[in-house]
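# An overview of the molecular structure
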Amino acid sequence: MKKILPALLFLSFSLFGQNGYYNNLKDALSKPLDVKTLDLSNNALVFLNKEISQFKNLETLLLTNNYLEELPASIKALQNLTNIDLSFNTNLNTNLLAQHFKNLTKLESLNLEGCKLLYVPYEIKHLKNLEQLNISHNHIKDLNSSINTLSNLKKLDISYNHLDSITGSIDHLPNLQNLNISYNPNVYLDKLFGDSLQFNSLRVLINRGNTKVPDVSFCSELKTLDLTDGSFTSIEQSNPKQIKLDNLFIEKCKNYHPAKDQLLLGNGTKHLTIQGNADLTLGNRSKNIKTLKITGGTASNIKIKNCAIEEIKYDSKTISTVVNQLNNLDSLLLLDISKTSVSKTEVAEIGVATFIRTQNLRPILKLNRLELWQEKNDNLVKNLNRKQFG
């Protein structure tokens with residue numbers, strides 16, 4: 001053991017300084033101009049040493065999960081700083097932090113997740129180059145209009161707060177591409193994405209655990225809509241024909257009735273994830289859907305027939321049968337039932353029936369014992385080729 005220990009020590013310390021990364025203040029101070037990333041996370045820090053001003057080339061400062069109340073005045077010397085992570089510093093004083101914003105104008109990413117913030121400081125308007133802002137898991141009730149001045153913002157996470165309304169505070173962010181408003185159950189979304197507002201670049205909207213679904217008809221670039229764990233009954237959109245989603249997630253939405261939203265599901269969505277207790281038929285109107293994932297429930301009321309779907313994944317042990325749900329799927333390439341309770345008898349039945357429907361299936365089935373079953377299915381394919389197709 002004594003012979004191994006020096007080697008282990010060498011390996012652990014040899015990472016220090018690689019690509020300018022340091023996670024030890026003493027080592028970093030030995031070569032201050034080489035430091036690009038300083039990671040002092042999980043060190044129970046109560047204050048940050050003023051010697052931090054020596055890191056003139058510092059770009060990323062990681063301080064997550066400490067007990068910091070404020071940043072030192074010397075931080076203004078870090079003119080190349082573009083990324084600060086202060087997440088889970090629950091003693092952080094918002095007013096003291098805000099004093100530094102006017103000196104951190106090159107900042108591109110700011111993480112204040114889990115800092116027990118009650119509000120967003122108005123001084124955040126000084127961060128004109130900010131592209132990513134995470135203020136999730138706080139106690140914020142209202143967002144002031146200062147966020148609307150961050151014209152370069154691309155990603156905003158305001159999930160897990162106590163927001164009532166966000167209209168007027170984030171509705172003029174022309175470069176915003178990714179917005180997470182999840183788990184703000186009382187948030188008012190009715191007029192957030194109106195046609196007169198500027199969400200021309202929005203591509204990802206995460207709206208998990210909320211009671212309402214916003215109207216995204218005028219978000220022309222929206223590709224991913226995540227409505228997981230919502231308590232809504234339908235997805236009402238003013239102009240569903242304009243919506244061309246790639247990914248739609250509607251899992252764990254027990255009150256949702258998709259029959260009312262057939263047009264939305266079949267209009268342009270390519271990848272659909274839905275709760276297994278839904279009453280849904282995917283047919284020729286769902287011609288654009290290529291992959292389908294079904295989670296939870298029994299999936300007994302989900303019928304898939306006469307559509308160009310290529311991959312189906314059943315993802316729940318409560319699903320015990322699927323054979324009667326699949327009909328005339330000529331484009332099917334992958335059927336994954338590895339996480340279901342489907343019996344071996346039905347597995348064989350699906351294998352034969354599915355192969356007769358299409359010669360394109362690859363592989364026929366995906367099961368828990370993948371190697372074994374693929375081998376058996378390969379033999380099944382060879383036999384079927386001889387018997388059915390000569």
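In this text the structure is predicted, and so the values were computed from the model without any measurement. (Residues numbered from 1 in each chain as written. Predicted model: local features only at pLDDT ≥ 70, side-chain atom pairs only at ≥ 80, totals over all residues. Heavy atoms only, no water.)

## Remarks on the pairing of strand β11 (residues 247-250)
Using the following cut-off: Relative accessible area decides the class of each residue, using a 1.4 Å probe on protein chains only: under 20% of the type maximum gives buried, over 50% gives exposed, and in between gives partly exposed. Elements are defined by DSSP. Helices are runs of H or I of four residues or more, strands are runs of E of two residues or more, and each kind is numbered from the N terminus. Pairing between strands is defined by DSSP: at least two bridges between the two strands are required.
Residues L248 and I250 line the buried face of β11, whereas the alternating positions N247 and F249 sit on a face that is not buried. Where strand β10 (residues 224-226) lies against β11, 3 bridges are found, and the strand directions are parallel. Each bridged residue has a counterpart across the sheet, and for T224 the counterpart in β11 is N247. In the sheet, β11 pairs with strand β12 (residues 271-275) via 4 bridges, with the strands oriented parallel. Within β12, the position partnered with N247 by the bridge is H271.

## Overview of the side chain of T224
Heads up, the rule is: By the convention used here, residues are in contact when the closest approach between their heavy atoms is within 4.5 Å.
On the secondary structure map, T224 appears in strand β10. A relative accessible area of 15% means that T224 is categorised as buried. Dropping the residues within four chain positions of it, T224 is found in contact with R203, V204, L205, L245, N247 and F249.

## Some thoughts on the environment of E236
Here E236 lies in the loop between β10 and β11. When its relative accessible area of 63% is taken as the criterion, E236 is described as exposed.

## Regarding a nonpolar patch on the surface
To be explicit about the condition: Patch definition: residues with relative accessible area over 30% and no salt bridge; like charges joined within 9 Å; nonpolar side chains (Val, Leu, Ile, Met, Phe, Trp, Tyr) joined within 5 Å. In these tables, accessible area is a Shrake-Rupley quantity obtained with a 1.4 Å probe, and a residue counts as shielded only by the protein chains included in the view. Salt-bridge detection follows one rule: a side-chain nitrogen of Lys or Arg within 4 Å of a carboxyl oxygen of Asp or Glu.
Taken together, the side chains of V46, F47 and Y67 present a nonpolar region at the surface, about 370 Å² in accessible area. Relative to the helices and strands, F47 resides in the loop between β2 (37-39) and β3 (60-62). Overall, the relative accessible area of 62% leaves F47 in the exposed class.

## Re the confidence of the model for the chain
Note: predicted coordinates in regions of low pLDDT should not be interpreted at a detailed level. Going by this rule: Predictor confidence is given residue by residue as pLDDT, running from a minimum of 0 to a maximum of 100.
Scored by pLDDT, the chain has a mean of 81; 79% of the residues are at 70 or more. Low confidence marks residues 1-14, where pLDDT is under 50. Its contacts with residues over four positions away, or in another chain, come to 0 contacts. For residues 352-376, every residue scores under 50 in pLDDT, and the model assigns this stretch 55 contacts once sequence neighbours within four places are set aside.

## Some remarks on the environment of H271
Secondary-structure assignment places H271 in strand β12. For the pair H271 and L292, spaced 21 residues apart in the sequence, the C-alpha separation amounts to 6.0 Å. Not counting residues up to four positions away in its chain, the partners in contact with H271 are D246, N247, L248 and T291.

## So, the packing of aromatic side chains
Centre distance and the angle of the planes are the two values used to describe a pair of aromatic rings. To keep things clear, this is the line we draw: A pair of Phe, Tyr and Trp rings is counted when the ring centres sit within 6.5 Å of each other, with Trp represented by its six-membered ring. The angle between the planes then sorts it: under 30 degrees is stacked, over 60 is edge-to-face, the rest tilted.
Per the stated rule, a full pass over the model turns up 2 aromatic pairs. Centre to centre, the rings of Y160 and Y183 are 4.6 Å apart; their planes meet at 20°, and the pair counts as stacked. With Y160 in the loop between β7 (155-157) and β8 (178-180) and Y183 in the loop between β8 and β9 (204-206), this pair connects stretches of sequence that are 23 residues apart. Under the relative-accessibility criterion, Y160 is labelled partly exposed at 38%.

## Some points on the sheet that holds strand β13 (residues 280-282)
Strand order in the open sheet formed by 3 strands is β13-β15-β17, and the pairing between neighbours is parallel. In this open sheet, the two edge strands, each paired with only one partner strand, are β13 and β17 (326-327). Sheet topology note: the strand β15 (residues 302-305)/β17 ladder contains 2 bridges and is parallel. Note on β17: the bridge partner recorded for K305 is N327.

## Some points on the nonpolar core
Formally: As used in this record, nonpolar core signifies buried Ala, Val, Leu, Ile, Met, Phe, Trp, Tyr and Cys residues forming a set joined through side-chain atoms within 4.5 Å.
Residues L143, I147, I166, I170, I274, I304 and Y314 are the most contacted members of the largest nonpolar core, which totals 92 residues. For this core, the secondary structure elements donating two or more residues are α3 (94-98), β11, β12, β13, β14 (291-295), β15 and β16 (311-315). Beyond its immediate stretch of four places on either side in the chain, I170 contacts L143, I147, N148, L156, I158, L179, L192 and F199.

## Focus: the pattern of salt bridges
Evaluated as defined, the whole model comprises 4 salt bridges. Notably, a salt bridge pairs R208 with D226, separated by 2.7 Å at the nearest N-O pair. Residue R208 is found in the loop between β9 and β10, and its partner D226 is found in strand β10; the two are separated by 18 residues along the sequence. One salt bridge in this structure joins K293 and D315, with 3.5 Å as the shortest N-O distance. On the criterion of sequence distance, the pair formed by K293 in strand β14 and D315 in strand β16 is long-range, its members being 22 residues apart. K293 sits in the partly exposed class, given a relative accessible area of 27%.

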